[in-house]
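Chain by chain, the residues run as shown.
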Amino acid sequence: MITNPNVKINLGLNVLRNRDDGFHDLETLFVPYFGIRDTLEIVVGDDYSRTSAALFGKYGTPDGYDDVTPMLVQGISEDGKLMITIARKEGVDWDPLKDLTAKAYHILSEDFDLPPVKIFLEKTSPVGAGLGGGSADAAFALKMLNDLCTLGLSEQKLAEY
């Protein structure tokens, strides 16, 4: 299953108050923006991936490094049930197993016996720019896993995750 998670834009941001936990209560209006989207594919088990060959062709293999940061990284969970590949032209400087899409898999695996999956993510949205690309990737991953694994979760339950 392949999808293209989009970013969001904050049309306004109002800081309401400081909280005891060190964060702030905010009031904002998010609007989806479809001009910047990542590519996310999740396949179950050893199913064929349409994305993997394109990523390897465009970014090289996981051992292929540019001058500073690898443009393509892979990680495999300790139990071997999750393999994740992340590619980004500007480089990937985070552990793929700590990516929010991997966290989406793990949070569902706490409540369900999920099959082994492979996640392929091409990041084209800016990282750390406040556009919510990572959160969108995670939300789309939850929805995709719900469909692929026929978990039957409602949109309300998915939002709780």
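Look a little higher up for the structure.
A brief look at the structure comes next. Keep in mind that what you see is a predicted model, and the values were worked out from it rather than measured.

1. Things to note about the packing of aromatic side chains
Here is step 1 of the chain: According to the stated counting rule, one finds zero aromatic pairs in the structure shown.
Here is step 2 of the chain: It is Lys 157 that lies over the ring of Tyr 161; its NZ or CZ is 5.3 Å from the centre.

2. Quick look at the side chain of Thr 39
Here is step 1 of the chain: Within the fold, Thr 39 resides in strand S4 (residues 39-44).
Here is step 2 of the chain: A polar atom in the side chain of Thr 39 sits 3.2 Å from the side chain of Asn 4.
Here is step 3 of the chain: Leaving out residues up to four positions away in the same chain, Thr 39 has contacts with Ile 2, Thr 3, Asn 4, Phe 120, Leu 121 and Glu 122.

3. Observations concerning the environment of Leu 145
Here is step 1 of the chain: Along the polypeptide, Leu 145 turns up in helix H3 (residues 133-148).
Here is step 2 of the chain: Assessed through its relative accessible area of 0%, Leu 145 is described here as buried.
Here is step 3 of the chain: Once you skip the residues sitting within four places of it in the chain, Leu 145 turns out to touch Ile 42, Ala 104, Tyr 105, Leu 108, Val 117, Thr 150 and Leu 151.

4. Things to note about the pairing of strand S5 (residues 72-76)
Here is step 1 of the chain: Where S5 meets strand S6 (residues 82-87), five bridges bridge the pair, whose relative direction is antiparallel. Across the sheet, residue Gly 75 finds its bridge partner in S6, namely Ile 84.
Here is step 2 of the chain: Hairpin remark: S5 followed by S6, antiparallel, with five residues in the connecting loop; positive phi at Gly 80, about 75°.

5. Topic: the nonpolar core
Here is step 1 of the chain: Ranked by internal contacts, the top residues of the largest apolar core, which has 23 residues, are Ile 42, Leu 108, Val 117 and Ile 119.
Here is step 2 of the chain: Looking at this core, the elements that each hand over two or more residues are S4, S6, helix H2 (100-109), strand S7 (117-122) and H3.
Here is step 3 of the chain: Those residues in contact with Val 117 that lie beyond four places of it in its chain are Ile 42, Val 43, Val 44, Gly 45, Lys 81, Leu 82, Met 83, Tyr 105 and Leu 145.
Here is step 4 of the chain: Tyr 59, Met 83, Ala 87 and Phe 120 belong to the second largest nonpolar core, which has seven residues in total.

6. Here we look at the sheet that holds S5
Here is step 1 of the chain: Spatially, S1-S4-S7-S6-S5 is the arrangement adopted by the five strands of the open sheet, whose pairing is mixed. Among the strands making up the open sheet, the edge pair consists of strand S1 (2-3) and S5.
Here is step 2 of the chain: Taken strand by strand, H2 contacts S4, S6 and S7, and its axis lies near 160° from that of S6.
Here is step 3 of the chain: With respect to the sheet, H3 is in contact with S1, S4 and S7, its orientation differing from that of S4 by roughly 30°.

7. What about H3?
An α-helical turn contains 3.6 residues, so a residue and the one three or four places further along point in the same direction.
Here is step 1 of the chain: Compared with the 22 Å implied by 1.5 Å per residue over 16 residues, the 22 Å span of H3 between its first and last C-alpha is a close match.
Here is step 2 of the chain: Taken residue by residue, H3 has Gly 133, Ala 136, Asp 137, Ala 138, Ala 141, Leu 142, Met 144, Leu 145 and Asn 146 as its buried positions.
Here is step 3 of the chain: Buried residues along H3 sit in contact with S1, strand S2 (6-18), S4, H2, S7 and helix H4 (155-160).
Here is step 4 of the chain: Two residues or fewer after H3 comes Thr 150, characterised by a positive phi angle close to 45°.

8. Here we look at the pairing of S7
Here is step 1 of the chain: Burial within S7 is extensive, with five of its six residues counted as buried.
Here is step 2 of the chain: Sheet topology note: the S4/S7 ladder contains six bridges and is antiparallel. Bridge assignment links Thr 39 to a residue of S7, and that residue is Glu 122.
Here is step 3 of the chain: As judged from the six bridges shared by S6 and S7, these two strands associate in the parallel manner.

Rules used throughout
Residues numbered from 1 in each chain as written. Predicted model: local features only at pLDDT ≥ 70, side-chain atom pairs only at ≥ 80, totals over all residues. Heavy atoms only, no water. Phe/Tyr/Trp six-rings, centres within 6.5 Å; stacked < 30°, edge-to-face > 60°. Lys NZ or Arg CZ within 6 Å of the ring centre and 35° of its normal. Helix = DSSP H or I, 4+ residues; strand = E, 2+ residues; numbered from the N terminus. Polar contact = N/O pair within 3.5 Å; in protein donor to acceptor, adjacent residues only side chain to side chain. Contact = heavy atoms within 4.5 Å. Buried < 20%, exposed > 50% of the residue type's maximum accessible area, 1.4 Å probe, protein only. Pairing = 2+ DSSP bridges. Core = buried A, V, L, I, M, F, W, Y, C linked by side-chain atoms within 4.5 Å. Axes fitted to C-alpha atoms, helices over the stretch in contact; angles between N-to-C directions. Expected span 1.5 Å × (residues − 1).

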